[in-house]
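Residues per chain are reported as follows:
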Amino acid sequence: MDGAVTISLDQFPQDPAPLYERVERFILGKIESGEWGASHRLPSEPEFSRLLGISRMTINRAMRELARRNVIDRIPGVGTFVASAKPASAVVEIHNIADHIRSRGEVHSSRVIELRAVVPPREVSLGMATPEKAKLYRALIVHAANEVPVQLEDRYVLPAFAPDFLKQNYETGSTTAYLFSITPPTEADHLIEAVAGREEWCGHLDIEPGEPCLVVKRRTWVGPTVTNYMTFVHPGSRYSLSGRTTTRD
């Protein structure tokens, strides 16, 4: 029967990670291997709980995280299914800080702090559905308008998507422009927060620790693959987000 599986904790990654993260990685492994394809029906939360001997609360948290990342679709009263791949024809409009600064008649400049292959934080590897110790390309860059820092870009890139990412000059060109030249993203998600500036951010942005900052976290996909995981930090006193929404009757 579709969704009927025999699984145990022995099949989970053996590490000290919280159980809900191990459940997430188990499900991601089934999907990435092709064993659970698009629209495959997953066991219900009670079934997972019984099979694994784990509380439903833990299972529910893992399911909520995967649904938030659009890995699975949860349909009330019907079931939980592996999300279908997104169509590759839909192109997402992504804001380029360099173009935005120039559009205001200001001079954009950037300073590269780090550009290398690294093992990312757990949050990033989970968000990109990559193996925990797999290396990603990281770019840490400060963007300035008329020599005043306005954004700290912390970007992780899937090497298979952009194998020459580390060879580019990001003081004369932008990461966004280069990655768009390979393949524009087909989907993105965002999380926007107002937080007190961390000490490591503030040093790069030339602001006092604790100053309010606007933080934007974004992931982008090309088809079914997450190719970028980014965190953009902006001094609250130097940056704002704006947009326009129209409605039709």
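The structure under discussion appears in the preceding block.
For the structure given in this document, a descriptive report is provided here. (Residues numbered from 1 in each chain as written. Predicted model: local features only at pLDDT ≥ 70, side-chain atom pairs only at ≥ 80, totals over all residues. Heavy atoms only, no water.)

For the rest of this paragraph, the subject is the overall build of the protein. Summing up its helical and strand segments, the protein has seven helices and eight strands in all. Burial statistics for the protein: of 249 residues in total, 45% are counted as buried. As presented, the protein carries roughly 13,500 Å² of accessible surface, and 51% of it is formed by carbon and sulfur atoms. (Helix = DSSP H or I, 4+ residues; strand = E, 2+ residues; numbered from the N terminus. Buried < 20%, exposed > 50% of the residue type's maximum accessible area, 1.4 Å probe, protein only. Areas by Shrake-Rupley, 256 points an atom, 1.4 Å probe, with all protein chains shown as cover.)

Helical geometry note: an α-helix holds 3.6 residues per turn, so side chains three or four residues apart project in the same direction. Of the residues making up helix H2 (residues 45-52), those classed as buried are Glu45, Phe48, Ser49 and Leu52. Along the axis of H2, the buried residues cluster in a sector spanning 100 degrees; they form a single face. On its buried face, H2 is in contact with helix H1 (19-32), helix H3 (56-68) and strand S1 (72-75). Glycine 53 sits one or two residues past H2 and shows a positive phi near 70 degrees. (Arc of directions from axis to C-beta. Contact = heavy atoms within 4.5 Å.)

Let us look at the pattern of salt bridges. Counted according to the given criterion, the structure contains 14 salt bridges. Residue arginine 56 is joined to glutamate 45 by a salt bridge in which the shortest nitrogen-to-oxygen separation is 3.7 Å. Taken together, the residues arginine 56 in helix H3 and glutamate 45 in helix H2 connect sequence positions 11 residues apart. We classify glutamate 45 as buried; its relative accessible area is 13%. With a closest N to O distance of 2.9 Å, arginine 138 and aspartate 154 form a salt bridge. In this pair, arginine 138 is assigned in strand S4 (residues 136-145) and aspartate 154 in strand S5 (residues 148-157), connecting sequence segments 16 residues apart. Both residues of the pair, arginine 138 and aspartate 154, belong to the buried class. Shared partners join several salt bridges into a network, and the residues in it are Glu114, Arg116, Arg138 and Asp154. (Salt bridge = Lys/Arg side-chain N within 4 Å of Asp/Glu carboxyl O.)

Below, the discussion takes up the nonpolar core. Counting 19 residues, the largest nonpolar core has Met128, Tyr156, Ala162, Phe165 and Leu179 as the members making the most contacts within it. Counting residues per element, the ones that place at least two in this core are helix H5 (122-128), S4, S5, helix H6 (175-182) and strand S8 (225-235). Element by element, the count of residues in this core is highest for S4, at four residues. Look past the residues within four positions of leucine 179 in its chain and what remains in contact with it is Arg155, Val157, Phe161, Ala162, Phe165 and Asn228. One finds Ile27, Trp36, Ile54 and Val82 within the second-largest nonpolar core, a separate group that totals 17 residues. (Core = buried A, V, L, I, M, F, W, Y, C linked by side-chain atoms within 4.5 Å.)

On to unusual backbone geometry, then. Peptide bonds are mostly trans, and most non-glycine residues show a negative phi. If you check the backbone angles, alanine 129 has positive phi at about 60 degrees while not being a glycine. Structurally, alanine 129 is set in the loop between H5 and S4. Of note, aspartate 206 is a non-glycine position whose phi angle comes to about 60 degrees, a positive value. Position of aspartate 206 relative to the elements: it lies in the loop between helix H7 (199-205) and strand S7 (212-222). Residue classification places aspartate 206 among the exposed positions, given a relative accessible area of 60%.

Looking now at the sheet that holds S8. Within the open sheet, the six strands sit side by side as S3-S4-S5-S8-S7-S6. Their pairing is antiparallel. Strands at the two margins of the open sheet, each flanked by one partner only, are strand S3 (108-118) and strand S6 (187-196). Ignoring strand direction, the axes of neighbouring strands in this sheet form an average angle of 15 degrees. On the sheet, H6 packs against S4, S5 and S8 and is oriented at approximately 35 degrees with respect to S5. (Pairing = 2+ DSSP bridges. Axes fitted to C-alpha atoms, helices over the stretch in contact; angles between N-to-C directions.)

Take H1 next. In a regular helix each residue adds 1.5 Å, so 14 residues correspond to 20 Å; H1 covers 20 Å between its end C-alpha atoms and thus fits that length. Most of H1 is tucked away: 10 of the 14 residues are buried. For H1, every residue scored as buried is listed here: Tyr20, Glu21, Arg22, Val23, Glu24, Arg25, Phe26, Ile27, Leu28 and Lys30. Elements that come into contact with the buried residues of H1 comprise H2, H3 and H5. (Expected span 1.5 Å × (residues − 1).)

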